[in-house]
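# Observations on chain architecture
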Amino acid sequence: AGDQGVPGTRRLVKTGGEGEERDDMANVTYDVLWRETMRDLLDMLELDPPQDQDEEEAFQHFSYLYIKYVQIFKNLEDCYDQHVHPQKRIDIKEVLEAVMGRMLEIKEYLVQLSGLKFISFDDILVDLKLIPETLELPVPRYFVDERKKDLDMREKLVATLIAARDADKEVEPEPPEAGFSLEDAIRIIQVNERGRQGKQRAKFMKEIVRQEELERKLREIGQPETDPDQAAVVIQKLFRGFKTLKQARLMREEELVFIGMKEPEQKPRELDPVSRQGGIRNRREINQAQNKDEDEGALV
């Protein structure tokens with residue numbers, strides 16, 4: 001069902017493997033996203049041809065086209081990165097590169113109309129009810145993935161050159177640092193330790209005196225029998241107070257995280273959605289490579 005209506009594609013069926021059911025669901029998700037994006041692109045092609053307009057209307061028209069092309073570019077980039085079918089990836093990449101080229105053409109035309117390198121799309125974003133992050137252009141991930149071997153070789157070469165440069169440098173002896181003598185250090189440690197022990201003894205003696213005073217008062221007035229109902233009320237009061245303090249502390253922590261004053265608590269790695277997303281993407285990259293090899297082998 002995921003390939004119906006998409007010409008020039010074949011589905012490669014693989015069996016076994018961990019997470020196969022979730023991969024199938026993800027394939028359907030990105031198939032649907034691809035179809036929706038292609039429909040949006042067809043709608044854009046009807047609006048894209050230039051019309052007889054003055055400069056102001058043309059600027060507004062092509063600003064709208066640029067924003068829509070940015071959205072289409074992001075969707076196509078996600079589809080290309082997540083699809084595992086090699087034939088679909090070829091088709092998506094062709095469309096993706098055509099969209100990137102058209103985005104550059106429209107941006108250059110807008111620069112010519114406005115005479116400015118930086119163009120403000122605030123009014124168009126407000127009309128379309130979009131946020132400024134809509135215009136952020138990510139670097140296509142296949143730029144890095146397809147050059148991974150070259151980038152790894154370059155990093156190894158740079159690391160080798162840095163190591164060779166550091167090895168050629170003469171190690172200069174560090175000047176002796178000025179500091180305490182051994183006798184001064186021992187004396188300072190002794191003073192601090194005696195002070196710490198004195199504070200501990202004073203605290204211990206204060207606790208003994210308080211306990212003796214409490215026992216003396218109880219002997220004078222006599223210890224009354226404990227009422228079970230009153231004891232239960234006291235326990236409830238203490239528990240409710242503890243629970244309220246815990247809830248207040250939790251709400252304060254959540255508010256600090258919300259306003260950006262504190263880092264959120266780190267979740268376990270298996271529950272962290274970012275880590276899970278990275279694992280899923282690595283698994284799909286392996287499937288992409290395997291499917292590509294099978295497809296090339298079938299064409300021979």
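None of these values were measured; they are calculated from a predicted model. (Residues numbered from 1 in each chain as written. Predicted model: local features only at pLDDT ≥ 70, side-chain atom pairs only at ≥ 80, totals over all residues. Heavy atoms only, no water.)

## A short note on the overall build of the chain
Under the convention used in this document: In DSSP terms, a helix is any run of H or I states spanning at least four residues, a strand is any run of E spanning at least two, and both are numbered starting from the N terminus. Burial classes: relative accessible area under 20% of the type maximum marks a residue as buried, over 50% as exposed, and values in between as partly exposed (1.4 Å probe, protein chains only). Working rule for contacts: check all heavy atoms of both residues, and any pair within 4.5 Å makes them a contact. Note on areas: Shrake-Rupley, 1.4 Å probe, and residue coverage restricted to the protein chains presented here.
Scanning the chain from N- to C-terminus turns up nine helices and zero strands. Reading the helices (α) and strands (β) of the chain from amino to carboxyl end gives α-α-α-α-α-α-α-α-α. Scored against the burial criterion, the 300 residues of the chain give a buried share of 21%. Taking contacts inside the chain between residues at least 6 apart in sequence as the whole, the part at least 24 apart equals 77%. Carbon and sulfur atoms provide 57% of the accessible area of the chain, an area that totals close to 24,000 Å².

## Notes on unusual backbone geometry
Phi at lysine 129 is positive, roughly 60 degrees, even though this residue is not glycine. Relative to the helices and strands, lysine 129 resides in the loop between helix 4 (122-128) and helix 5 (141-145). Under the relative-accessibility criterion, lysine 129 is labelled exposed at 77%.

## Structural notes on the nonpolar core
Applied cut-off: Take the buried Ala, Val, Leu, Ile, Met, Phe, Trp, Tyr and Cys residues and link them wherever side-chain atoms come within 4.5 Å; each set so joined is a nonpolar core.
Counting residues in each nonpolar core, the largest one holds 30 residues, and the members touching the most others are Tyr69, Leu76, Val99 and Leu110. Looking at this core, the elements that each hand over two or more residues are helix 1 (20-47), helix 2 (55-82), helix 3 (86-114) and helix 4. Of the residues forming this core, the biggest block, 13 residues, is contributed by helix 2.

## Brief notes about helix 8 (residues 228-258)
Applicable threshold: Under the convention used throughout, the expected extent of a helix is 1.5 Å for every residue step, that is, one less than its residue count.
Taking 1.5 Å of rise per residue, 31 residues should cover 45 Å, and helix 8 covers 45 Å from first to last C-alpha, within 8% of that figure. Of the residues flanking the end of helix 8, it is glycine 260, one or two places downstream, whose phi is positive at about 80 degrees.

## Some details on the pattern of salt bridges
The cut-off we apply is this: We define a salt bridge as a side-chain nitrogen of Lys or Arg found within 4 Å of a carboxyl oxygen belonging to Asp or Glu.
According to the stated counting rule, one finds nine salt bridges in the structure shown. A salt bridge links arginine 141 to aspartate 81; the nearest nitrogen and oxygen atoms lie 3.4 Å apart. Linking arginine 141 in helix 5 with aspartate 81 in helix 2, this pair joins segments that are 60 residues apart in sequence. Looking at arginine 141, the relative accessible area reads 26%, which means it is partly exposed. In this structure, glutamate 105 and arginine 102 form a salt bridge, with 2.9 Å as the shortest nitrogen-oxygen distance.

## A look at the packing of helix 2 against helix 3
Defined as follows: Axes here refer to lines fitted to C-alpha atoms; in helices the fit is confined to the stretch in contact. Angles between the N-to-C directions go from 0 to 180 degrees. Roughly parallel refers to an angle under 35 degrees, roughly antiparallel to one over 145, roughly perpendicular to one between 65 and 115, and oblique to any angle outside these ranges. Handedness of a crossing is defined here by the sense of rotation of the near helix relative to the far one, left-handed for an anticlockwise turn of less than a right angle and right-handed for a clockwise turn. Side-chain classes follow a simple rule in which Ala, Val, Leu, Ile, Met, Phe, Trp, Tyr, Cys and Pro form the nonpolar group, Asp, Glu, Lys and Arg form the charged group, and the remainder, Gly included, forms the polar group.
It is at 9 Å that the axes of helix 2 and helix 3 come closest, and there the two elements cross at 155 degrees. The orientation of helix 2 with respect to helix 3, classified from their angle, is roughly antiparallel. As for the relative orientation of helix 2 and helix 3, their crossing is left-handed in sense. Across the contact of helix 2 with helix 3, the residue classes break down as 22 nonpolar, two polar and seven charged.

## Re the packing of aromatic side chains
So the rule is basically this: Pairing of aromatic rings covers Phe, Tyr and the six-membered ring of Trp, with a centre-to-centre limit of 6.5 Å; geometry is then stacked below 30 degrees between planes, edge-to-face above 60, and tilted otherwise. Whether a charge sits over a ring comes down to the Lys NZ or Arg CZ being within 6 Å of the ring centre and within 35 degrees of the ring normal.
According to the stated counting rule, one finds four aromatic pairs in the structure shown. Ring centres of phenylalanine 62 and tyrosine 109 lie 4.8 Å apart, and the angle between their planes is 70 degrees; this geometry places the pair in the edge-to-face category. Taken together, the residues span a long stretch of sequence, with phenylalanine 62 in helix 2 and tyrosine 109 in helix 3 at a distance of 47 residues. Judged by centre distance (4.9 Å) and plane angle (75 degrees), the rings of tyrosine 142 and phenylalanine 143 are edge-to-face. Cation over ring: arginine 89 sits above tyrosine 80, and NZ or CZ is 4.2 Å from the ring centre.

## Section: the confidence of the model for the chain
Applicable threshold: For every residue, the pLDDT score states the predictor's confidence, bounded by 0 at the bottom and 100 at the top.
On average, residues of the chain carry a pLDDT of 80, and 81% of them reach 70 or more. For the chain, helix 9 (residues 273-299) is the element with the lowest average pLDDT, namely 75, and helix 8 is the one with the highest, namely 91.

## Quick look at a nonpolar patch on the surface
Rule in force here: A patch consists of residues whose relative accessible area exceeds 30% and which take part in no salt bridge; residues with like charges are grouped when within 9 Å of each other, and nonpolar side chains (Val, Leu, Ile, Met, Phe, Trp, Tyr) when within 5 Å.
On the surface, Leu256, Phe258, Ile259 and Met261 cluster together to form a nonpolar patch covering roughly 470 Å² of accessible area. Residue position: methionine 261 is located in the loop between helix 8 and helix 9.

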